[in-house]
There are 2 protein chains.
Amino acid sequence: MSAAAVARRREARLDVLVLERGSYTSYSSCGIPYLIAGTVDGPDVLIARSPDEFRRAGIDVRTLSEVTEIDIGARTLTYRDHNARADRREGFDQLVYATGAVAVAPPVPGAELVEPVRTVDAAERLLARLERSDKRRAVVIGAGYLGLEMAEALTLRGLKVTLVDRDAQVMPPLDADMAAHVQAAAENACIRVLLSTDVQEIAADGGGRPCAVATSAGELPADQVVVSTGTRPATELAAAAGLPLGATGGLRVDDHQRCLGCDGIYAAGDCAESRHRLLPDPVNVQLGTHANKQGRVAGTNASGGDAAFPGLIGTAVSRICRYEVARTGLSEKEAVAAALPVVTATIKDSTRAAYYPGAGPIWVKIVAHAETGRLLGGQIVGVEGAAKRIDVLATAIWSELAAGELELVDLGYAPPFSGVYDPLLIAARQTANRVGGAASP
Amino acid sequence: MSAAAVARRREARLDVLVLERGSYTSYSSCGIPYLIAGTVDGPDVLIARSPDEFRRAGIDVRTLSEVTEIDIGARTLTYRDHNARADRREGFDQLVYATGAVAVAPPVPGAELVEPVRTVDAAERLLARLERSDKRRAVVIGAGYLGLEMAEALTLRGLKVTLVDRDAQVMPPLDADMAAHVQAAAENACIRVLLSTDVQEIAADGGGRPCAVATSAGELPADQVVVSTGTRPATELAAAAGLPLGATGGLRVDDHQRCLGCDGIYAAGDCAESRHRLLPDPVNVQLGTHANKQGRVAGTNASGGDAAFPGLIGTAVSRICRYEVARTGLSEKEAVAAALPVVTATIKDSTRAAYYPGAGPIWVKIVAHAETGRLLGGQIVGVEGAAKRIDVLATAIWSELAAGELELVDLGYAPPFSGVYDPLLIAARQTANRVGGAASP
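All of these numbers come straight from a predicted model, not from anything done at the bench.

Enquirer: Hey, could you run me through the overall build of chain A in this one?
Expert: The number of helices and strands found in chain A is 12 helices and 21 strands. Since a compact globule built from 441 residues should have a radius of gyration of about 22 Å, the 23 Å found for chain A is in line with a globular shape. For chain A, the spread of C-alpha atoms along the three principal axes comes to 70 × 55 × 40 Å. Restricting to contacts in chain A with at least 6 residues of sequence separation, those with at least 24 account for 62%.

In structure tokens form, the structure reads like this:
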């Protein structure tokens, strides 16, 4: 929708057509766990702009319209109009492919019993099931950030939740030492966390509804099962149309979001690859912020403009139970996997001056190049006020600062916000002290 | 104390002597308004390290010891030992001059009746007066950030507060449009704000205590008067010793905190000038964060090391009533005064996704060079979560990014922290759109 909106604004003479399989446009899928939790009230608030609003802006939005085939050579596509139960065909001059991602189910018997909660429609169905049932045990499979958010949401709804993951830590984008704080927060919120645990089967009751999860740690009775075991780019149509896919499974694009070798065909968002500014190979990162920016770039270029997506560095924030969690750049394990020599420092400090009301713990981990000191990544866990500090590290990494340069940047200080030295500066100093045997005051 | 501590740690063979006029060391003077407000409990929590703690670390700290003369040529100084009521003399090889700043009283009759509340001792005396008195009217003279903090503190203590300033806006480091939001917050907290109002006299009762403030807007009865009309570097001793002073009134230093032309003599903190990375001339900025960093630099160099202070860009944050307030770099009026061609953009957005509980207003103003787009400054006012976003702008300005570059930096997004586009990115985009006629998507 951001591509369509930009194209519409830029070029009044264009016909802009949007085909959407579902019934909503431009809603915050990141808000779905809060809908489940009851933190936000009803799905309407998650909708940024309705199909009718886009139509009033001059965009021909057709919902419940599922594209089934794209013919790149003929510049035509076929779609199923679920309203009219008819197949239709449209031509195009420029195409923006923005199909997002689809859930990957765990490869176990019974996985097909569980609908992934990735859309407002699916969230409403889960909420209806929760309201119909007076049973109170839930199992969430997958301890990534969405799994953690869903576990918290169900806990807030009064369910007794077990979170299962085959990995040895929660939140795999974090290093294990930082993820341990997030796990502790989840456990403090009464979520049972079972790690290094394989799911073997999702068992059904007589009515075909999930009733238990068999795992390597025993059987877990479950009145509700939520699966959050990852996603993959939705590229079936693209592959069938011959558009190029990369090793990540996403569509290969250049910095103008052009599908490689395909004139006039763009891809943006969760279905596409992105350049990572710290890594040689493209990545597939599924986040609304990149999707939105890439959509703007694609919409600009598809309407005769010239815009480039400058890449990403993997910044992400979330709030898990009592803690805010953030990361940017490369984790230590990612940097090691990329064969980069690294130094790291991890500090524990306070989100405000220690004496100021509301002060609480913040952990900051910084990863830097062992020889040059150049900042490579950072991770933050802590109470209110912790997470968005990651944006400072993101800006510093983006600007190619070294840890020793960040150490003395003029960040704000007042007791409601930090000690005299911001936690980031303390972590940067300790990191700088470990670079190439450098000595710092 | 940061100079002493660093020198001590670096070089075990040094004798490190600290002479302090007062009875405390290393306390948070920024915390004094919170002490008055009752937000923090007692002065002890403001003390980072006591004289005894420093002594145990091997630093010879002498409190109530007021230096009265420095002989640079002879490498000696004289101080008054207020404990023993005796004058004493000491020699030195290296001297770090760190006397801070002193309050500047308003140039009106009766100003001498009011003790500035700049030390823990003075704060305790004000608290004692508040407890002795059942009268409830206060006048605060000076609507800078400290005056606003003191006005809020007295309001929280139950006093009816009038805040007076001769300027037409509160918080002069902000542009007037942004300061208006801070004024509104103060007024919403029941502080009466009288601007463009000259103070003419502070009148005393029969006992010589302030009882009213005569102003160009009439007489204001006052059971308590607090003066916060600025400070100046405390340089009497330095001037008498022949150390060089700059146009700001602060001590002139190089990037190693060496007093210009004076081998082995260093100055750091509120009494010294600093390099401003965006301005040609030195500035005198009085903030604990620079004082601490400069102290480390001075202590490193005075103990045989080699460290440099990289300059500052004027970052400051505070919390005034319901709003957090922040600035960095140059304000629009500062940039204009420096003859820089500028563009600005000011946006109003939400501190969290609009639907997420606790979301509230945030205003962001960005100042950029009109031709190059290079970021020159930023100001932020808003509810919880607003102010420390200034550190992102500070890091971007420090790294010499243009507004159009900041617009696409990979900042974190999740509904508890922002909309899909962080308010900074929206403000950066609008700023970039105004640079040199550039068109952005």
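Enquirer: Honestly, the interface of chain B and chain A in this entry has me stumped. Any pointers?
Expert: Where the parts come together, the accessible area they lose is often given as the size of the interface. Taken together, the 56 residues of chain B in the interface contact 57 residues of chain A. Looking at the side of chain B that touches chain A, the elements with two or more residues in it are helix H8 (288-302), strand S17 (316-320) and helix H10 (390-398) of chain B. Of all the elements, H10 of chain B adds the most residues to the side of chain B that touches chain A, at 7 residues. Class assignment of the residues belonging to the side of chain B that touches chain A gives a composition of 36 nonpolar, 13 polar and 7 charged.

Enquirer: What am I meant to see in the environment of Ala-291 of chain A here?
Expert: Residues and elements named next belong to chain A. Here Ala-291 is to be found in helix H8 (residues 288-302). In sequence terms Ala-291 and Asp-175 are 116 residues apart; their C-alpha atoms lie 25 Å from each other. Dropping the residues within four chain positions of it, Ala-291 is found in contact with Ala-268, Gly-269 and Asp-270.

Enquirer: Would you explain the relation of the copies chain B and chain A in this entry?
Expert: With an RMSD of 0.0 Å, chain B superimposes on chain A once it is rotated by 180° and translated 0.0 Å along the axis. Such a combination of rotation and displacement between the chain copies is what one expects of a two-fold axis. Taking C-alpha positions as reference, the residue of chain B nearest the rotation axis is Val-392 of chain B, located at 2.4 Å. In this assembly the copies share their binding face: 100% of the residues contributing to the interface of chain B also contribute to that of chain A.

Enquirer: Explain the environment of Thr-372 of chain A here, please?
Expert: You can see Thr-372 of chain A is positioned in the loop between strand S20 (361-369) and strand S21 (375-382). Through-space distance from the C-alpha of Thr-372 of chain A to that of Ala-432 of chain A is 9.7 Å; in sequence the pair is 60 residues apart.

Enquirer: Sorry if this is basic, but what is going on with the nonpolar core here?
Expert: Side chains of a nonpolar character, in soluble globular proteins, are inclined to be buried together. Formed by 285 residues in total, the largest nonpolar core has its most connected members in Val-182 and Ala-186 of chain A together with Ala-186 of chain B. Setting aside its immediate chain neighbours within four residues, Ala-186 of chain B contacts Leu-148, Ala-151, Leu-163, Val-170, Ile-191, Val-193, Ile-320 and Cys-321 of chain B.

Enquirer: What exactly am I supposed to notice about the sheet that holds strand S12 (residues 210-215) of chain B here?
Expert: Each strand in a sheet pairs with another by means of backbone hydrogen bonds, the pair being arranged parallel or else antiparallel. Residue and element names in this part refer to chain B. In space, the 3 strands of this open sheet follow the order S11-S12-S13, with antiparallel pairing throughout. At either margin of the open sheet sits one strand with a lone partner, and together these are strand S11 (199-204) and strand S13 (218-221). Neighbour to neighbour, the strand axes of the sheet diverge by 20° on average, direction disregarded.

Enquirer: Is there a simple way to think about the sheet that holds strand S9 (residues 160-164) of chain B in this case?
Expert: All names here are of chain B. As summarised here, the arrangement of the 4 strands in space is S10-S9-S8-S14, forming an open sheet in which the pairing is parallel. This sheet does not close on itself; its edge strands, each paired only once, are strand S10 (192-194) and strand S14 (224-227). Ignoring which end each strand starts from, the neighbouring axes of this sheet average 20° apart. As paired elements, strand S8 (residues 137-141) and S9 share 5 bridges and run parallel to each other. Looking at S9, one finds that Val-139 is bridged to Thr-162. Contacts from helix H5 (residues 145-156) reach S8, S9 and S14 within the one sheet, and its direction differs from that of S9 by about 170°.

Enquirer: What is the right way to read the packing of helix H1 (residues 2-10) of chain B against H8 of chain B from this model?
Expert: Relative placement of two packed helices is described by the angle separating their axes and the distance separating the axes. Residues and elements named next belong to chain B. Here H1 crosses H8 at 35°, and the two axes come no closer than 7 Å. For the pair H1 and H8, the sense of crossing is right-handed. Of the residues in H8, those in contact with Ser-2, Ala-3, Ala-4, Ala-5, Val-6, Ala-7 and Arg-10 of H1 are Asn-292, Gly-295, Arg-296, Ala-298, Gly-299, Thr-300 and Ala-302.

Enquirer: When you look at unusual backbone geometry in this model, what are you seeing that I'm missing?
Expert: Residues and elements named next belong to chain A. Notably, Arg-75 is not glycine yet its phi reads approximately 55°, a positive angle. Positionally, Arg-75 belongs in the loop between strand S3 (65-71) and strand S4 (76-81). One non-glycine residue, Met-171, adopts positive backbone phi at about 45°. Position of Met-171 among the secondary structure elements: in the loop between strand S9 (160-164) and helix H6 (176-188).

Enquirer: Help me understand H5 of chain B, please; the structure alone is not making it clear to me.
Expert: Residues that lie three or four places apart on an α-helix share one face, since the helix turns once every 3.6 residues. Residue and element names in this part refer to chain B. Between its terminal C-alpha atoms H5 stretches 16 Å, which fits the 16 Å expected from 12 residues at 1.5 Å a residue. Counting buried positions along H5 yields 11 of 12 residues, so the element is predominantly enclosed. Inspection of H5 places Tyr-145, Leu-146, Gly-147, Leu-148, Glu-149, Met-150, Ala-151, Glu-152, Ala-153, Leu-154 and Thr-155 among the buried residues, and these make up the whole buried set. Next to the buried residues of H5 lie helix H2 (32-37), S8, S9, helix H6 (176-188), S14 and S17. Following H5 by one or two positions, Gly-158 adopts a phi angle in the positive range, close to 95°.

Enquirer: Looking at this structure, I do not really get helix H10 (residues 390-398) of chain A. What am I missing?
Expert: Burial analysis of H10 of chain A places 9 of its 9 residues in the buried class, the great majority of the element. Among the residues of H10 of chain A, Ile-390, Asp-391, Val-392, Leu-393, Ala-394, Thr-395, Ala-396, Ile-397 and Trp-398 of chain A are the ones counted as buried. Those residues of H10 of chain A that are buried are in contact with strand S17 (316-320), strand S18 (323-329), S21, helix H11 (403-406) and helix H12 (423-433) of chain A together with H10 of chain B. Positive phi appears at Glu-400 of chain A, one or two residues downstream of H10 of chain A, with a value of about 60°.

Enquirer: Is there a simple way to think about the pairing of strand S3 (residues 65-71) of chain B in this case?
Expert: For a regular strand, side chains alternate in direction, first toward one face of the sheet and then toward the other. Residues and elements named next belong to chain B. In this sheet, strand S4 (residues 76-81) lies alongside S3 in antiparallel orientation, the contact comprising 6 bridges. When the sheet's bridge partners are listed, Asp-71 is paired in S4 with Thr-76. The turn joining S3 and S4, which pair antiparallel and follow one another in sequence, is formed by 4 residues; a positive phi near 55° is taken by Arg-75.

Enquirer: Explain the environment of Asp-410 of chain A here, please?
Expert: Residues and elements named next belong to chain A. Structurally, Asp-410 can be placed in the loop between H11 and H12. Assessed through the 28 C-beta atoms surrounding it within 10 Å, Asp-410 is described here as buried. In this structure the C-alpha to C-alpha distance between Asp-410 and Leu-425, which are 15 residues apart in sequence, comes to 9.5 Å.

Enquirer: For this particular structure, what's the right way to read the pairing of S17 of chain A?
Expert: All names here are of chain A. Counting buried residues in S17 gives 5 out of 5 residues, a clear majority hidden from the surface. Side chains Ala-316, Ser-318 and Ile-320 of S17 all project onto a buried face; the interleaved residues Val-317 and Arg-319 project onto the opposite face, where all are buried too. Summarising the sheet, S17 and S18 pair through 5 bridges and their orientation is antiparallel. Bridging across to S18, Ser-318 finds its partner in Val-325. In sequence, S17 turns back onto S18 through a hairpin of 2 residues, with Cys-321 there showing a positive phi of about 55°.

Enquirer: Can you help me understand the confidence of the model for chain A in this one?
Expert: Reading fine detail from the predicted coordinates is not recommended where pLDDT is low. The predicted model of chain A averages 95 in pLDDT, with 99% of residues at 70 or higher. Here the complex is predicted with pTM 0.95, and the ipTM for its interfaces comes to 0.94.

Cut-offs used in this document
- Residues numbered from 1 in each chain as written.
- Chains lettered and ligands numbered in written order.
- Predicted model: local features only at pLDDT ≥ 70, side-chain atom pairs only at ≥ 80, totals over all residues.
- Helix = DSSP H or I, 4+ residues; strand = E, 2+ residues; numbered from the N terminus.
- Rg over C-alpha atoms; globule rule 2.2 N^0.38 Å.
- Contact = placed C-beta atoms within 7 Å.
- Nonpolar A, V, L, I, M, F, W, Y, C, P; charged D, E, K, R; others polar.
- Least-squares fit on C-alpha atoms with pLDDT ≥ 70 in both.
- Core = buried A, V, L, I, M, F, W, Y, C linked by C-beta atoms within 7 Å.
- Buried ≥ 20, exposed ≤ 12 C-beta atoms within 10 Å, placed from the backbone.
- Pairing = 2+ DSSP bridges.
- Axes fitted to C-alpha atoms, helices over the stretch in contact; angles between N-to-C directions.
- Left-handed = near helix turned anticlockwise from the far one by under 90°.
- Expected span 1.5 Å × (residues − 1).
- pLDDT = per-residue confidence, 0-100.

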